[in-house]
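Each chain is listed here by its residues.
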Amino acid sequence: MLDFITAVFDGTELGRVPLEDGTIGHAEIRVGDTVLLAFDKRPDWPAMPSLLRVFVADADATIERAVAAGAHVLTRAATHAFGQRTGRVRDRFGNIWWISAVIEDVTPEVGMRRLTEPQYAEAMRDAQETYDRELRGRTGATTTCHRVSCILSGYILKTFRWSPGSSRLLCSDAPVLVRCPAASPPLSRPPRTH
C-alpha cells in the first residue's frame, strides 16, 4: 500500500519498521501536509479496509494514476454542488479512496441550493448509489432517506438527508457545523489546492 500511495498521491515515505517475520510493524508516509500511519495486518485480525478522503490538485489525473496503479473506479469523477470535483476508487488492498479537488469556492448556503439542480442532484445520486452498490451489492431503496455528512477541513457539516433513488433533495435539516476536537484551525471549507 505504501507504493500505491507514493505512485498515486506523490507520497513520501518517512520510515518503515520491519518485523522479524518480514511484515511491517510501523510505517509513516506523508501526503501533502498529512502523515498517514500504516502497518501490516496480523493473520488473526479481521479485514479492516479504510475509507480515506484526500484533497488533491487534480481529481481526474489522480484517479487515472490510481487506476494505473491497480485501483478500480467505484464512482466516476463529477463536479458536486459544494464546488468539489470528486470520484472514488478502491485499491487492491480493499481501501476506498474518495479523491476530491476544490475547483470553486462555494458557500454552504449556495451548495445546499445547488443540490436541487439536475446536474448536482445526479452527481450526488451517482456517488451514493455507487458507494452503496460497492459495499452492499445493491443500489438502495428509493424510499429510504440517508443522512449525509461532509467532512470539511476540521468540521463535520451535517447538512441534509437524501434519497438515493430521487433526483431531488427530499428532506433537509438546517446545516450544523460541529468542530472536530483534534482538527486544524477553523476553516469554512477545504483549502483550494490550485
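Residues numbered from 1 in each chain as written. Predicted model: local features only at pLDDT ≥ 70, side-chain atom pairs only at ≥ 80, totals over all residues. Heavy atoms only, no water.

(A) Quick peek at the packing of helix H1 (residues 2-9) against helix H2 (residues 59-68). Put simply, H1 and H2 touch, their axes get as near as 8 Å, and they point 145° apart. At the point where H1 passes H2, the crossing takes the right-handed sense. Contacts between H1 and H2 pair Phe4, Ala7, Val8 and Phe9 from the former with Thr62, Arg65 and Ala66 from the latter. Considering only residue class, the contact of H1 with H2 consists of five nonpolar, one polar and one charged. (Axes fitted to C-alpha atoms, helices over the stretch in contact; angles between N-to-C directions. Helix = DSSP H or I, 4+ residues; strand = E, 2+ residues; numbered from the N terminus. Left-handed = near helix turned anticlockwise from the far one by under 90°. Contact = heavy atoms within 4.5 Å. Nonpolar A, V, L, I, M, F, W, Y, C, P; charged D, E, K, R; others polar.)

(B) Spatial organisation of helix H4 (residues 118-136). Between its first and last C-alpha, H4 extends 26 Å over 19 residues, near the 27 Å set by a 1.5 Å rise per residue. All of the buried residues along H4 are Tyr120, Ala121, Ala123, Met124, Arg125, Asp126, Ala127, Gln128, Glu129, Thr130 and Asp132. (Expected span 1.5 Å × (residues − 1). Buried < 20%, exposed > 50% of the residue type's maximum accessible area, 1.4 Å probe, protein only.)

(C) A look at the sheet that holds strand E2 (residues 24-31). Strand order in the open sheet formed by three strands is E1-E2-E3, and the pairing between neighbours is antiparallel. In the strand order of this sheet, the two ends are held by strand E1 (12-18) and strand E3 (34-38), each with one partner. The sheet shows a mean angle of 10° between the axes of neighbouring strands, taken without regard to direction. Note that E1 and E2 share six bridges and pair antiparallel. Within E2, the position partnered with Pro18 by the bridge is Ile24. Each of E1, E2 and E3 is contacted by H1, which is oriented at about 5° to E2, the strand it contacts most. (Pairing = 2+ DSSP bridges.)

(D) Region of the structure containing the nonpolar core. Of all hydrophobic cores here, the largest spans 21 residues; its most connected members are Phe4, Phe9, Val89, Trp97 and Ile99. Those elements giving two or more residues to this core turn out to be H1, E2, H2 and strand E7 (96-102). Sort the elements by how many residues they give to this core and H1 lands first, with five residues. Beyond its immediate chain neighbours, meaning those up to four positions away, Trp97 contacts Phe4, Ile5, Phe9, Leu52, Val54, Gly87, Arg88, Val89 and Asp91. (Core = buried A, V, L, I, M, F, W, Y, C linked by side-chain atoms within 4.5 Å.)

Geometric values such as these leave the question of function open.
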